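Notes for the structure review
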Amino acid sequence: MKKWYPLLVSFILLFTSCMSELDKYYEIPDWLKGDSWKVMESKGNLKLFMSAIERSSYKDLIQGKGIITVMAPTDSAFQAYLIKHNYATVEDIPQDELDQLIGFHVMQYSYNKDALISYKPGGAESLDPMGMYYKFRTYSREGISTETDPVLGKSFKVIHTDRLLPIFSYKLFQGNSIDAKSNYEFLFPGSTWTGNNGFNVCDASVLEYTQPSDNGFVYTLNKVLEPLPTVYQSLAADNDYSTFVGMYDRFKTYTYDEVATNNYGEGDSLFVRDYDGGLPSISSEWYTTTYSADYTSYISFNVFAPRNDALQSFFDKYWAPYYNSLSEVRFEPLLSVLSNHVYTSTLLFPEQIEAGTIKSRWGTPIVFDRSKAVKRKVCENGSVYGLTDVVVPPMFDMVTGPMYRDPKYTMMLDMMINGSLISTLLSNSVQFKVFYPSDSLLINYTSVDGKRLYYTDEYAAKYGYQYLKIDGDGGPTPMSSTQKKSLAGSHVATELITSKGDEAIFRTLTPFSYLYMKGNKIYSSGLYNQAVNYNDDMAPTFTKIPGDWSNGDAYALSDNASSSALVPESSQFRFFTYNAPATPADLNEFVHFTEMAGMQTTTPIYDFLMGERYILLVPPANQLESYLVNKGLIEVNGGVYTVLNKAGLVNYLKTYFINVNGSKLIDYPFPGARVQGDVNTFAYSGLNAVKLKITDMSTYLSVTDPKGNIVGVSSFFPRIYADGAVYTIEKPLIVE
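Computed from a prediction, not measured in an experiment: that's the story for all the values here.

Further remarks concern the overall build of the chain. A count of helices and strands for the chain gives 25 helices and 36 strands. In terms of C-alpha radius of gyration, the chain reaches 38 Å, well past the compact-globule figure of 27 Å for 736 residues. The principal-axis extents of the C-alpha atoms in the chain amount to approximately 130 × 85 × 50 Å. Considering the chain as a whole, with its 736 residues, one finds that 52% of them fall into the buried category. Taking the intrachain contacts of the chain between residues at least 6 apart in sequence as the baseline, contacts between residues at least 24 apart amount to 64%. A distance of 3 Å separates the average location of the 61 positive side-chain charges in the chain from that of its 79 negative side-chain charges.

Structure representation (structure tokens):
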């Protein structure tokens, strides 16, 4: 034991010495004045704010139980707040209001001046733009609220997140290349921009920057920071915008929040209020339900809300002929108006809006003069510009106008939207012709591939419960976006290809699909094939829809029991068989000869086509039969056909099939379209494809065969099928 005593003494001495050094290392620097409470206490002009803190739930936090940044208003500022709200003393402020007020002045985490000027969530070395991340998390939070959805007849407990405090650094304005003073003071009337070397905190100026404490920083302000509302709360509190709020609420929905339920529900399910149709959640404090500095501190909901009188004027102009009130307007037209008045990005300033660089979801500018913004409010989750006019969505004055105005074109609008065709139709570089089928025409008199169409409104008061359906194996089933795009696109002419007298051919939005016009009748590829084969009365007539449409003309299709909408063609010529009811009479004999040659028994059928798009030239049946007999390819005795040279017959018939892709054709040929030149057939002479030459004679087409014979094309309107186009010609081709 004696041997250990000197060692123990040495250890104690050493430990004591080390403790002394550690005390020196962790000793509080002289320049720190204690916790944030003590720093404020030392100022002498923050007494009212501090008395409010004492009554709040945040005194312990400020006295050192958290790392914080305090925005402290002076006594004169706090006195002005009391007078404004008719409070004689701090004690008169209700407790919940007081907690939310004080919490809004206490930011989570500590930020010195440079950090607030140049805050970047990714760190100082990141490429994030400085100053753009302008919203900071506070301790202010609204309690759980109960809301009722009158449509569903249910109540929901709604969770709210911590409020965000906007801090406007001069670098935010530099980064946007806009003037700080005029833009800031426009959004904060009555406040003065003083942040040229720093920042303004919401509507307040900083009187003293970066007063350090041992648990963060204290800044002195010239105003009390009143907790900001959400964009939704700001609008809902203003009767001048009740119509806009009512429109927005038609898309309201409630989403279950599992994380919030587990953390704060105490046995109750908690929800967040959301909005369908891609509308931003303007009632939510954060961009996402989970805090992410990258998004939450940057992204804002900017709403340009027209006043009630402006929306009434819009209704009177565009909807009053078709609806009795705004509450009756269908969801999609309503959504187009709302979507043109919201923009999700960082906070937008008037200079950016007036520049016309802000684009709607359709790529068109959202632009208005700041003088039209009679209300402007920076909110915790974005901004509100209250407008005297509606920013009219482009689709109301373009060829899309009829379906956004008149509810009888609801199905067409559904197909156009879900077929992703609206943006195309908003182009000013094309003069469109749109032929509108009514819902009645589509439901009662139209079938697509023999299948009926339906429109069901399963929950009329809720968005998203409206369905366009088509017959399926188990009954009506929702149409796919591909089906919708195909059917809607076949009603849109994009370019006049050629015309002759009262006949005309137009390109459509679908490649290798066309519209034929004969007098006052209009045919799609599919409808023309049906009309020629069965009944020409199936083709609808059309009348011009009145309106000054800026990028084309709109027409209404006749709605009667004999007509049909302009259905696309999905049938393929190669599946026609001899004497089958679906096989057109003037093509039947050609099909018969291909059947005799064994072309239909290969796997796949007509295997030489290899899935390629083709043009088929069909000569008169009697002339073709004579040619085949004269060439010794077949013989006919008493109506019985015998193939004498199958290989020769196959190769000769292949001469009538032109390889579209192999000939580098980007379109089918029509008179006057200048699609002409040498083309490759699917027939071969040795190793080389047999060639034909198509010549555009302006009013008709001709084909030159390998022997130099010129053969006229007799059909002005070819039959267009899903796999190719069929043209009738005046006589057989001579190959050898």
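Next comes the rest of the account.
Taking burial as the measure, the 10 residues of helix α6 (residues 95-104) include seven buried ones, the bulk of the element. The set of residues buried in α6 consists of Leu98, Asp99, Gln100, Leu101, Ile102, Gly103 and Phe104. Contact partners of the buried residues in α6: α3 (47-55), α5 (75-84), β2 (106-108) and β6 (164-169).

Bringing the side chain of Asn200 into the picture now. The residue Asn200 is located in strand β7 (residues 199-201) in this model. Residue Asn200 is classed as buried on the basis of its relative accessible area of 0%. Engagement of the side chain of Asn200 in a polar contact is seen with the backbone nitrogen of Thr194, the distance being 3.2 Å.

Of the positions making up helix α24 (residues 621-630), those classed as buried are Leu624, Tyr627 and Leu628. Buried residues in α24, looked at end-on, bunch into an arc of 95°, giving them a common side. Seen from the open side of α24, the exposed residues pointing more than 90 degrees away from its buried face are Asn622 and Asn630. Looking one or two places after α24, you find Gly632, whose phi comes out positive at around 70°.

If you walk across this open sheet you meet the seven strands as β24-β23-β22-β21-β16-β26-β25, and the pairing is mixed. Two strands close off the open sheet at either side, each with one partner strand: β24 (521-524) and β25 (542-544). Across this sheet, the average inter-strand angle for adjacent strands is 35°, counted without regard to direction. Bridge analysis of strand β22 (residues 503-508) against strand β23 (residues 514-518) gives five bridges, and the strand direction is antiparallel. Counted as the bridge partner of Ala504 is Met517 from β23.

Time to look at the pairing of strand β5 (residues 154-158). Here strand β4 (residues 145-149) pairs with β5 via five bridges, running antiparallel. If you follow Thr148 over to β5, its bridge partner there is Ser155. Once β4 ends, the chain turns through four residues before running back antiparallel as β5, passing Gly153 with a positive phi of about 70°. When β5 meets strand β11 (residues 270-275), the two strands line up parallel, connected through two bridges. For Val158, the partnering residue across the bridge sits in β11 and is Phe271.

A word on empty space enclosed by the protein. Unfilled space is identified by rolling a water-sized probe across the atoms. Taken as a whole and assessed by the stated rule, the structure comprises one cavity of 30 Å³ or more. Of the voids in this model, the largest cavity is the one considered here, and its volume is about 40 Å³. Along the walls of the largest cavity sit Ile615, Leu617, Ile658, Pro669, Ile694, Leu701, Val703, Val713 and Tyr727, which together make up its complete lining. Counted by class, the lining of the largest cavity contains nine nonpolar, no polar and no charged residues.

For the structure shown, the criterion picks out 62 aromatic pairs. Geometrically, the ring pair formed by Tyr209 and Tyr219 is edge-to-face, given 6.3 Å between the ring centres and 85° between the ring planes. In this pair, Tyr209 is assigned in strand β8 (residues 204-213) and Tyr219 in strand β9 (residues 216-221), connecting sequence segments 10 residues apart. By way of ring pairs, the aromatic residues Phe590, Tyr606, Phe608, Tyr614, Tyr627, Tyr652, Tyr656, Phe657 and Phe682 are connected into one cluster. Above the ring of Phe186, the side-chain terminus of Arg370 is found at 5.7 Å from the ring centroid. It is Arg376 that lies over the ring of Phe186; its NZ or CZ is 4.2 Å from the centre.

Hydrogen bonds between backbone atoms are what pair the strands of a sheet, whose relative direction is either parallel or antiparallel. In space, the four strands of this open sheet follow the order β4-β5-β11-β10, with mixed pairing throughout. At either margin of the open sheet sits one strand with a lone partner, and together these are β4 and β10 (252-256). Taken over all neighbouring pairs, the strand axes of this sheet differ in orientation by 50° on average, direction set aside.

A separate point is the confidence of the model for the chain. Across the chain, pLDDT averages 92, with 96% of residues at or above 70. Low pLDDT (under 50) marks residues 1-29, which in the prediction has zero contacts with non-local residues, meaning those over four places away or in another chain.

Secondary-structure assignment places Thr400 in the loop between β15 (382-387) and α17 (401-405). Look at Thr400 and you get buried, because its relative accessible area is 0%. Separated by 2.8 Å, the side chain of Thr400 and the backbone oxygen of Met395 make a polar contact. Those residues in contact with Thr400 that sit more than four places away from it in its chain are Met395, Ile422, Leu425, Leu426 and Tyr436.

Definitions and limits used
Residues numbered from 1 in each chain as written. Predicted model: local features only at pLDDT ≥ 70, side-chain atom pairs only at ≥ 80, totals over all residues. Heavy atoms only, no water. Helix = DSSP H or I, 4+ residues; strand = E, 2+ residues; numbered from the N terminus. Rg over C-alpha atoms; globule rule 2.2 N^0.38 Å. Buried < 20%, exposed > 50% of the residue type's maximum accessible area, 1.4 Å probe, protein only. Contact = heavy atoms within 4.5 Å. Lys, Arg positive; Asp, Glu negative; His and termini not counted. Charge placed at Lys NZ, Arg CZ, Asp CG, Glu CD. Polar contact = N/O pair within 3.5 Å; in protein donor to acceptor, adjacent residues only side chain to side chain. Arc of directions from axis to C-beta. Pairing = 2+ DSSP bridges. Axes fitted to C-alpha atoms, helices over the stretch in contact; angles between N-to-C directions. 1 Å grid on protein atoms, 1.4 Å probe; cavity = no way out; pocket = protein on both sides within 12 Å on 5 of 7 lines; lining within 4 Å. Points joined across faces, edges and corners; volume = space filled by probe spheres on them. Nonpolar A, V, L, I, M, F, W, Y, C, P; charged D, E, K, R; others polar. Phe/Tyr/Trp six-rings, centres within 6.5 Å; stacked < 30°, edge-to-face > 60°. Lys NZ or Arg CZ within 6 Å of the ring centre and 35° of its normal. pLDDT = per-residue confidence, 0-100.

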